[in-house]
Amino acid sequence: MDPVQELEQLLSEAVPSVEQARSPDELERLRVKFVGRKSRLADIMKSIPQLAPEERAEVGRRANHLKRSIESQLAARREALSSAAKAGPLIDVSLPGRAFPRGRLHPVTHTIDAILSIFVPMGFEIVEGPEVEYEYYNFDALNIPHDHPSRESFDTFFVDLPSPEPKKGRLLLRSHTSPVQIRVMERRKPPLRLVVPGKVYRPDPLDPSHSFMFHQVEGLMVDDRTSFADLKGVIEHFLKALFGAKTKTRFRPHYFPFTEPSAEVDIACTSCGGRGCSTCGKKGWLEIMGCGMVHPNVFRAVGYDPQRVQGFAFGMGVERIAMLKHGITDIRLFFENDLRFLEQF
Ligand code: PHE
């Protein structure tokens, strides 16, 4: 090969090799290879005296130039490697650590936990039931007659599938957690003390206080002589534990088909303390739950003898309680999953 060309080629090989060298040892190997005494460059230089006179000057100049540029590149690279070594490893230990986003419980879950953890020490066990329910458990067995307004399809989501057990009626999305009372009593004998958390569904139009899905906690206690006084004691203890020892409560007569007598329970307004404000609609009281003594027809439906057992039941809306506890004014916030809301709990 023509020595001028060969020198060009050596340069184009040497430059990237030196540039990528990672250690002084590697640089030394490259030095020996490209400019050492036994290198190709050394051979070319030795052969210069034998070249034609018109070539000598040109090849000599180029060979020297090649040698100097490789040597200075080696020196520069050696310098760069040693100052990197002095600077230490490429980790800045003073940088703050990487923050891992932390998950948290949903405020509805928090509230359910808070409610259940008041009943569990009183001997109530936690039970769950299906969200897709038969008409029989949601209505019939709970003494809700066929002509009761809440039977109308606009009050319940019916499931458009053939019922696996036609004797239990059509399938629907349960509109309350009370059907779980029936499912448990059907299988078990008193004494019973249950709390039942879960989702319920009602075709209400969305607004700040309505959602077509929300959560309830149901309660049931059945024994041979469980009285309305027991109901009052349990509920008052519960509301004081949840809202504070000074919480005032009142029981207002009400109607539920599955309890008799029935009551709604109010607490003194959590924002105005009873003086009247926009939260309580100037009434001073907030409706917090429904309750009553289990209706004899409900006991008959599960094969209990209403002459020999007595019990009470109650049901409350979880979102409503969470809203009152935290001063939340729109139920939809619970379901939009905006992190700016969820991260506050
Ligand atoms: N199931 C009723 C409701 O959804 C609440 C309730 C439960 C009332 C148990 C009395 C007894 O409104």
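Residues numbered from 1 in each chain as written. Predicted model: local features only at pLDDT ≥ 70, side-chain atom pairs only at ≥ 80, totals over all residues. Heavy atoms only, no water.

Trainee: Describe the overall build of the chain, and please don't skip the residues or the numbers.
Mentor: Looking only at helices and strands, the chain has twelve helices and nine strands in total. In terms of overall dimensions, the chain is more spread out than a globule: its C-alpha atoms have a radius of gyration of 42 Å, far above the 20 Å expected for 345 residues. Referenced to the eigenvectors of the C-alpha coordinate spread, the extents of the chain come out at roughly 130 × 50 × 35 Å. The buried share among the 345 residues of the chain stands at 42%. Once local pairs closer than 6 in sequence are excluded, the contacts in the chain between residues at least 24 apart make up 66%. If you sum the accessible surface of the chain, you get close to 19800 Å²; carbon and sulfur atoms cover 54% of it. If you average the places of the 47 positive and of the 45 negative side-chain charges in the chain, the two averages end up 6 Å apart. (Helix = DSSP H or I, 4+ residues; strand = E, 2+ residues; numbered from the N terminus. Rg over C-alpha atoms; globule rule 2.2 N^0.38 Å. Buried < 20%, exposed > 50% of the residue type's maximum accessible area, 1.4 Å probe, protein only. Contact = heavy atoms within 4.5 Å. Areas by Shrake-Rupley, 256 points an atom, 1.4 Å probe, with all protein chains shown as cover. Lys, Arg positive; Asp, Glu negative; His and termini not counted. Charge placed at Lys NZ, Arg CZ, Asp CG, Glu CD.)

Trainee: An account of the packing of helix 5 (residues 107-119) against helix 10 (residues 318-326) is needed here, citing residue identities and associated values.
Mentor: The geometry of helix 5 relative to helix 10 is characterised by a closest axis approach of 9 Å and an angle of 95 degrees between their N-to-C directions. When the interaxial angle is binned, helix 5 and helix 10 end up roughly perpendicular. Within the contact between the two elements, helix 5 uses Val108, Thr111, Ile112 and Ile115 and helix 10 uses Val318, Glu319, Ile321 and Ala322. (Axes fitted to C-alpha atoms, helices over the stretch in contact; angles between N-to-C directions. Parallel < 35°, antiparallel > 145°, perpendicular 65-115°, else oblique.)

Trainee: Quick one: what's the story with the side chain of Asn138, residue by residue and with numbers?
Mentor: Inspection of the secondary structure puts Asn138 in helix 6 (residues 135-138). Given a relative accessible area of 0%, Asn138 falls into the buried group. Side-chain polar atoms of Asn138 contact the side chain of Ser175, separated by 3.0 Å. Beyond its immediate stretch of four places on either side in the chain, Asn138 contacts Glu133, Ile144, Leu172, Arg174, Ser175, His176 and Pro179. (Polar contact = N/O pair within 3.5 Å; in protein donor to acceptor, adjacent residues only side chain to side chain.)

Trainee: For the site of the ligand, give the residues involved together with the corresponding values.
Mentor: Surrounding the ligand, one finds 13 residues, the nearest of these being His176, Ser178, Arg202, Gln216 and Glu218. One of the side-chain N or O atoms of Ser178 is found 2.9 Å from a nitrogen atom in the ligand. At 3.0 Å, a side-chain N or O of Arg202 approaches an oxygen atom of the ligand. When the ligand sits alone it has 320 Å² of accessible area, and the protein chains cover 89% of it. (Near = heavy atom within 4 Å.)

Trainee: Break down the domain arrangement of the chain for me, citing the residues and quoting the values.
Mentor: For the chain, the assigned domains read domain 1 (3-85) and domain 2 (107-129 + 175-342). Averaged C-alpha coordinates put domain 1 and domain 2 at centres separated by 88 Å. (Domains from an automatic or database assignment.)

Trainee: Pulling in residues and values, what's your account of the pairing of strand 4 (residues 192-201)?
Mentor: By the criterion of burial, strand 4 is predominantly enclosed, with eight of the ten residues buried. Relative to strand 4, strand 1 (residues 125-126) is paired through two bridges, and the arrangement is parallel. When the sheet's bridge partners are listed, Glu125 is paired in strand 4 with Leu194. As paired elements, strand 4 and strand 5 (residues 213-223) share ten bridges and run antiparallel to each other. Following the sheet pairing, Arg193 is matched in strand 5 by Met221. (Pairing = 2+ DSSP bridges.)

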